[in-house]
Amino acid sequence: MQSNANQSIRVLVVDDEAIVNTLVQSQLANLGYEVAGSAFDGPEAVALTHELKPDLVLMDLQMSDPETGQDERLAGLKAARIIQAQCPTPVIILTAYESNDLIREASSAGVGAYLVKPIRDNDLDRAITIALARFNDLKTLKRLNEDLKAQNEDLDAFAHMVAHDLKAPLAPIIGYAEVLLEDLHTMPKESLARYLKLISQSGHKMTNIIDELLLLSEIRKVDIEPRPLDMHTIVAEAQQRLADMIEKYEATITAPQAWPAVVGHGPWVEEVWVNYISNALKYGGQPPQIELGATLPTKPDAHTAGTGPEMIRFWVKDNGAGIAPEDQPLLFRPYTQLQQVRAKGHGLGLSIVKRIIEKLGGQVAVESQPGQGSTFSFTLRAVTEDAFAWPDW
C-alpha cells in the first residue's frame, strides 16, 4: 500500500546482483518511495550519494570489489562508513544473514537499520522509518553536543578573561591609584596628569574586554534574522570608531565607493570590520597602508545558477610583516597570542569574529606570507542572485 508521505523520500539502491537491485526498486515504488538511482558496488554508492543526495541508502552488505572482481563480505559497511564521514545520509544494510557481530559493526558504521533478505514490504517500510528517525536523532544529538562544546568554550573564555586578562589592566589602576594617594599633594602636575592618563587607559581596556565578553554571550544566545545591510554605512561607522587609532598610526585606508548587497546583522558585522581594521592598524606596516574590498563570486551560468546562495567575500589587506603559514590556523582560536603579531592582543577578538560570521552562515579566512602582508576575509550571503552587478574587478 502506497503512502503519500513516502513520495517525498528518495532512496538509492545498492546491490551488485542486478535482479535483486531491480526487485528492491520495484518494492520501493510499490510502497510509494522515489528511487533516486541504483549502484552496484561500494565506490559507486559513495559517488552517487555525493551526486544525487538521496534521503536514504539501501546498501547490500556483501558486494564485489570493482577493482579485483572478488566478493568483499563487508563492502556495504565500508561504503557506509565513507558516506557517514563525507556526506552523512541514513543507511540500511541488506544482508543474507544476521549476527551479533554484524549488529555491532553496523552500529559503529552509523547504519540506521538492517534487513535480512528476502525483504518483505512491511519490514522494508518499517526499517526506512526507523533509519530516518534514528538519523534525525543522531543529528540532533550531534548539534546538542556541538552547542554544549561551544558553551564550555564560552565558560572557559569567561574564566580566562576574568582570571588573566581583566587582572592585567586592573593591576596598574590599583598601583597608580596608590601612588596618587601617597604623593598627591607633592606630585608635580605633569606626573599627576600622566598617572591619571594611564589609569584611564587601563580602565578603557577593561571596558573593551567586558564588552567583548558580553558580545560573545550575545552571539551564543541570540538568534537573529539576517537582513539586507548598508555596508557602506557600516564600514564608515567602523572607521569612525577607530578614528583616533587611524590618526595615531598615520594610516591610509582605501575602500570601494560601492559594496555588494548582502544580508547579515549590522552591529555584529560592524564589530568584524572594527576587529580586522584595528588589527591591520596595530600589526600593519609603518605607516599602515590598508585596503578594504569585496570579491564577487564567479558569475553563475546555466549550470550553476540556482544551486545555492551566492557568498560575497569581504577583506582587509595590510602591508605588515605577514604571518607564517604554520601560525595561520591558530589565529581564530580563543586566546592565541602569536609572538610576531599579537604581542599586545588578548586574543579573543578573532575568535569572536569567527563566531559572528559562522552564526551568519559565512566563513573566515586569512591569507599571508612573511614579508608580504596579510589579508583577513569573511563571507556573507548575497541578498539575491540579481542584487549585484558583475564588474571586471
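Residues numbered from 1 in each chain as written. Predicted model: local features only at pLDDT ≥ 70, side-chain atom pairs only at ≥ 80, totals over all residues. Heavy atoms only, no water.

Student: Tell me about the overall build of the protein chain, and please be specific about residues and values.
Tutor: Scanning the protein chain from N- to C-terminus turns up eleven helices and 14 strands. Out of the 393 residues in the protein chain, the part that is buried amounts to 41%. Taking all contacts inside the protein chain whose residues are at least 6 apart in sequence as the whole, residues at least 24 apart take part in 70%. Looking at the protein chain as shown, the accessible area adds up to about 22,000 Å², and 52% of this sits on carbon and sulfur atoms. (Helix = DSSP H or I, 4+ residues; strand = E, 2+ residues; numbered from the N terminus. Buried < 20%, exposed > 50% of the residue type's maximum accessible area, 1.4 Å probe, protein only. Contact = heavy atoms within 4.5 Å. Areas by Shrake-Rupley, 256 points an atom, 1.4 Å probe, with all protein chains shown as cover.)

Student: Run through the sheet that holds strand β11 (residues 289-295), naming residues and quoting values.
Tutor: Whether parallel or antiparallel, the strands of a sheet pair through hydrogen bonds between backbone atoms. As summarised here, the arrangement of the five strands in space is β9-β11-β12-β14-β13, forming an open sheet in which the pairing is mixed. The outermost strands of the open sheet, each flanked by one partner alone, are β9 (252-254) and β13 (364-368). Taken over all neighbouring pairs, the strand axes of this sheet differ in orientation by 15 degrees on average, direction set aside. In the sheet, strand β12 (residues 311-317) pairs with strand β14 (residues 374-381) via seven bridges, with the strands oriented antiparallel. The residue bridging R313 from the neighbouring strand is T379, located in β14. Together, β9, β11, β12, β13 and β14 form the strand contacts of helix α10 (residues 266-283), whose direction differs from that of β14 by roughly 170 degrees. Helix α11 (residues 349-359) rests against β13 and β14 of the sheet, and its axis sits at about 25 degrees to β14. (Pairing = 2+ DSSP bridges. Axes fitted to C-alpha atoms, helices over the stretch in contact; angles between N-to-C directions.)

Student: Give a description of empty space enclosed by the protein that names residues and reports values.
Tutor: Enumeration over the complete set of coordinates arrives at one cavity of 30 Å³ or more. If you add up the space inside the largest cavity, you get close to 30 Å³. If you go around the largest cavity, the residues you meet are P90, V91, G110, V111, G112, A131, R134, F135 and L138. If one sorts the elements of the lining of the largest cavity by residue count, helix α5 (residues 121-165) sits on top with four residues. Considered class by class, the residues forming the lining of the largest cavity number six nonpolar, two polar and one charged. (1 Å grid on protein atoms, 1.4 Å probe; cavity = no way out; pocket = protein on both sides within 12 Å on 5 of 7 lines; lining within 4 Å. Points joined across faces, edges and corners; volume = space filled by probe spheres on them. Nonpolar A, V, L, I, M, F, W, Y, C, P; charged D, E, K, R; others polar.)

Student: Quick rundown of the side chain of D41? Include the residues and the values.
Tutor: Relative to the helices and strands, D41 is located in the loop between β2 (34-39) and α2 (42-52). Despite being buried, D41 has no salt bridge partner; K78 is the closest side chain of opposite charge, sitting 10 Å away. Within the structure, D41 has its side chain in polar contact with the backbone nitrogen of E44 (distance 2.8 Å). Once you skip the residues sitting within four places of it in the chain, D41 turns out to touch V14, M63, S64 and P66. (Lys, Arg positive; Asp, Glu negative; His and termini not counted. Salt bridge = Lys/Arg side-chain N within 4 Å of Asp/Glu carboxyl O. Polar contact = N/O pair within 3.5 Å; in protein donor to acceptor, adjacent residues only side chain to side chain.)

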